[in-house]
Amino acid sequence: MKKLMILLFLALTTMAYSQTIEEAIQTTLSQFNPGDRTATMAAVNRFDLIAKKWNTDWVSHYYAAYAKTLAGATETDVAKKAQFFNEAEKSLEAAKENGAAENDEVYALLAMISSNRIGLDPEAWQKHMEVYNANLRKAKQLRKENPRIYYIEGISKFYTPEAYGGGKKNALIYFEKAEEYFKNESKNDIRKPYWGQEHNEAMLKDCSE
Amino acid sequence: MRLLISFLLFIIASLDCVSQSTITGKVTDQLGNSLPGASIYILNTLDGVSANAEGTYTLVTSEKGNQVVVVSSIGFERINQSITLENKIYTLNLKLKEAVSELDEVVISAGTIEATNDRKVAVLRPLDIVTTAGAAGDIIGAIQTLPGTTRVGEQTGLFVRGGDASEANVIIDGMIVQNFFTSDVPGIAQRSRFSPFQFKGTSFSSGGYSVRYGQALSSVLELSTNDMPAKSNVNVGLNMSGLFGSVAKVFEKNSLEVTGSYINVAPFYNLANTNFDFYKAPEGVSGSTRWVHKNGDKSIFKLLFSHGGFSSGTEIPDINNASQRSRFGIENNNTYSNASYFENINNKVYSFSAVSFGRNVDDVTFGTTPSKTEEWRLQGRTELGFEINNNLQLLSGAEWQRFSVQRRFDAFNSGFDETQTAIYTELEWKPSRKFGVKSGLRGEHSNLLNQFALSPRLSAAYKVGKQSQVSVASGVFYQNPNNRYLLANKSADFQQAIHYIANYQWITDKQTFRVEGYYKSYDRLVRELNVPFNPNAFRFISGDIDNSGSGFAQGIDVFWRDRKLVKNLDYWISYSWVDTQRLFENFTARATPTFISDHNLNVIAKYFIEPLKVNIAATYTYATGRPYYNPNSTEFLNDRVPYFENISLNISYVTTIKKVFAVFYAGVDNVTNRKNIFGYRYSTDGTQRFPIEPALYRSVFVGMNFSLSAFNRDEL
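Peer 1: Outline the packing of aromatic side chains, supporting the account with residue identities and numerical values.
Peer 2: All names here are of chain B. For the structure shown, the criterion picks out 42 aromatic pairs over all chains. Summarising the aromatic geometry, the rings of Phe194 and Tyr336 are spaced 5.6 Å apart at their centres and angled 85° between planes, so their arrangement reads as edge-to-face. Here Tyr336 lies in strand β21 (residues 325-344) and Phe194 lies in the loop between β13 (175-176) and β14 (199-205), a separation of 142 residues in the sequence. The residues Phe194 and Tyr336 share a single accessibility class, namely buried. A centroid spacing of 6.2 Å and a plane angle of 25° characterise the contact between Phe644 and Phe678, whose relative ring orientation is stacked. One end of the pair, Phe644, is in strand β37 (residues 644-657); the other, Phe678, is in the loop between β38 (660-669) and β39 (679-682), with 34 residues separating them in the sequence.

Now the structure itself:
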């Protein structure tokens, strides 16, 4: 009986995936929980499948990259972290090749990956910083109202030691600026990514204390 | 109940007109550890699941017939498993193999220690060089703490594995730098002209180096300049020997940097009590500009131009009469430029080309005698790298150099012009990730000597464990006779050295152990014929020379570095033992030269006190006593000076004041104020001896550096 119920559940969930790309992404996104490793990996794998099925649509690769970036950021094994970031960058390359070469979100996410790499490999910070800055510049050039740009800058400042110009105080202004833009962002089209507001608010609170 | 089952079956059947197959199993690594989060899916479908925390999975699919199940997990090689699906339940347990990462691949490294950011695991990082205590921020000072080197306090240059300073070449972006060091003042080791912050990579070869280079019997120090700066910034520094500033502006694909400095060593020398009197403290002005154009990962172009000059006046021991002092005044002018271009033509082919021009003029007043040395060097290199297949890589290139040294000593003029050309090719074969071989051939020609020579080079490495490898290297190296002979218009053939090196290395991201043994045979060294020994480096060369000299050097170098033992503590120990003898120049018998210490030990420690943001660094150096020439001794170069010992301390504090990033640093060299002696000189009649002393005993150095980036207000 139990087995049967599982089968039924699986059958239903499998069915649930035969949808449009937007629905597929939406569903996976709603199940995504960076705090839960199993759920995170399930989302990474699912986004990868979506990217394989709709491989000529940049948005599929974008979310695959997004999931991998977060999976990398929450991974504890240093070697695996780097591999997640490598994979995420490959996905973003694919996004660029499939219509997102001039999309600010792609460059913002690339910057986020580089900033994560600094933490991973602090001795090579100059090299990563160069890439980080170049991508942020490009993102700003394309759409400076993108709140994630400032959110990512804030995070990067937050984790930079105070002696090197980072710390809560220095990060705060970035989170505040991000907040302004997050407020005006519509959150109903997955083709216009809108993630980050919740965490930005949490960081904002942390830095204001 | 039965009804419910029937009902459910009906639902399934109606949802999915066709029936389904179920695949279940467990995903593990080779050792049987479960791999949670692994992805299992059917190729070309959306049917996929993830392994749970125990590594098990259940995949239900309506696909039929011959299908491919793909299993992947981060850090492992993907598996494609064929399966025929016929509406049944299948069990599929899968074992994944760990993917090859850079960490696991063999690196052909005998003879070379690299400080780089480009590799995931490196023996040293560029910053390690800058922060070594006692190096005073000089790249050579830091290199001299690495195994295989000897610190020769009264002479300028790099002394590697029994070789003298002329046997080591310094290379920047593929180009030999003729005047890497500040112009020589007899008896005082000089610093390099280049700031260590300019370089992103340092590759120090103490033997067996690549076919790309020649004309160095012992060693090549290869420096690569930074790519684009990370951010636009303004930088200002001030210390006891001068002040310097730089501005860098970063555009999208271009960057421009301008630097300027004013050097005046008077405050430093006044505080340090020098052993030599400076009637004019070293003072100089220099500047540089640099332009970088970077087109993603596809290509990078770098252009550097620098110009500087300095003057100084020192009372040094008279070179002809040990009991006297004489005045040595120098005015120097130096220009250096370098342009290089690297391009990934496609993912299989890259090209590298570089040109460089350097010119150096020293106006010297030695005692009352004026002399002037004018040198220049123009050179070019071009090379192509091909990836023939996954295991085979080919490098081919050509090099051309023209240089000239002209000297006027009082009324005597001497000089020479030389043109050297070389072609080289090197094949790298890595049949597996565990084993690699590099074999190369270099042909070089000297116009001045009218001679051609072929140097074969070979190196191989085998990975014996996950973190350890053994490697070997060998090669033949040629070098022109010392400039001293060419300037005297004496000619001989190439001198020759053959290296044999064996190395074991164990490296993790926090610890490194490295031991290297070598044997080097020197042949065809230049000898002066029928002259008595004279220790004076400025002696007049009157007699004939030939290539009848020879010698050997053998030894063991050990290096240990640990960053694991104590948090925030990084220390390394390098020890070298060298046994060498040679018969060359004006030696009267085979002997160990005066620039050799048999045993050399360096201990470097750096500790970061996190709450205070303070870095403390210490360097301990010990070297056994070097030989010196005693005219009263029956055996040639048989006497030894006392051992050398030095302790240096460095402390630095980093902070941010408003938007300005600041570093304050202070250092003490020779903390114990030990009176090290480098050798002795004897009066002409041999009855009196005078110690050769360092320019300074204990000295204190303080300075600060401020940098401001994000000066662009619109950044936020």
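Don't stop here, the text continues.
Peer 1: Residues and numbers for the sheet that holds strand β5 (residues 65-72) of chain B, please.
Peer 2: Here 4 strands make up an open sheet; going across it, the order is β3-β2-β5-β6 (chain B) and the pairing antiparallel. Either end of the sheet is taken by a strand with one partner, and the two such strands are β3 (48-50) and β6 (79-85) of chain B. For this sheet, the mean inter-axis angle between neighbouring strands, taken without regard to orientation, is 20°. Strand direction decides the pairing type here: β5 of chain B and β6 of chain B, joined by 7 bridges, are antiparallel. Within β6 of chain B, the residue paired with Val70 of chain B across the bridge is Asn80 of chain B. Helix α3 (residues 37-53) of chain A contacts β2 (39-42) and β3 of chain B of the sheet and is inclined by roughly 160° relative to β3 of chain B.

Peer 1: Break down unusual backbone geometry for me, citing the residues and quoting the values.
Peer 2: Glycine aside, residues mostly have negative phi, and peptide bonds are mostly found in the trans state. All names here are of chain B. A positive phi angle, near 45°, is found at Arg161, a position not held by glycine. Counting through the fold element by element, Arg161 comes out in the loop between β11 (159-160) and β12 (168-172). Even without a glycine there, the phi angle at Asn670 is positive, about 55°. With respect to the helices and strands, the residue Asn670 is situated in the loop between β38 and β39. Exposure remark for Asn670: the relative accessible area of 4% places this residue in the buried category.

Peer 1: With reference to specific residues and values, describe the packing of helix α8 (residues 147-159) of chain A against helix α10 (residues 197-208) of chain A.
Peer 2: Residues and elements named next belong to chain A. Where α8 contacts α10, the axes come no closer than 11 Å and their chain directions differ by 40°. It follows from the interaxial angle that α8 and α10 lie oblique. Here α8 runs over α10; the crossing is left-handed. Facing α8, whose interface residues are Tyr151, Ile155 and Phe158, α10 presents His199, Asn200, Met203, Asp206 and Cys207. Residue composition of the contact of α8 with α10, grouped by class: 5 nonpolar, 2 polar and 1 charged.

Reading the values: rules and limits
Residues numbered from 1 in each chain as written. Chains lettered and ligands numbered in written order. Predicted model: local features only at pLDDT ≥ 70, side-chain atom pairs only at ≥ 80, totals over all residues. Heavy atoms only, no water. Phe/Tyr/Trp six-rings, centres within 6.5 Å; stacked < 30°, edge-to-face > 60°. Helix = DSSP H or I, 4+ residues; strand = E, 2+ residues; numbered from the N terminus. Buried < 20%, exposed > 50% of the residue type's maximum accessible area, 1.4 Å probe, protein only. Pairing = 2+ DSSP bridges. Axes fitted to C-alpha atoms, helices over the stretch in contact; angles between N-to-C directions. Contact = heavy atoms within 4.5 Å. Parallel < 35°, antiparallel > 145°, perpendicular 65-115°, else oblique. Left-handed = near helix turned anticlockwise from the far one by under 90°. Nonpolar A, V, L, I, M, F, W, Y, C, P; charged D, E, K, R; others polar.

Keep in mind that these numbers describe shape and distance, not what the molecule does.
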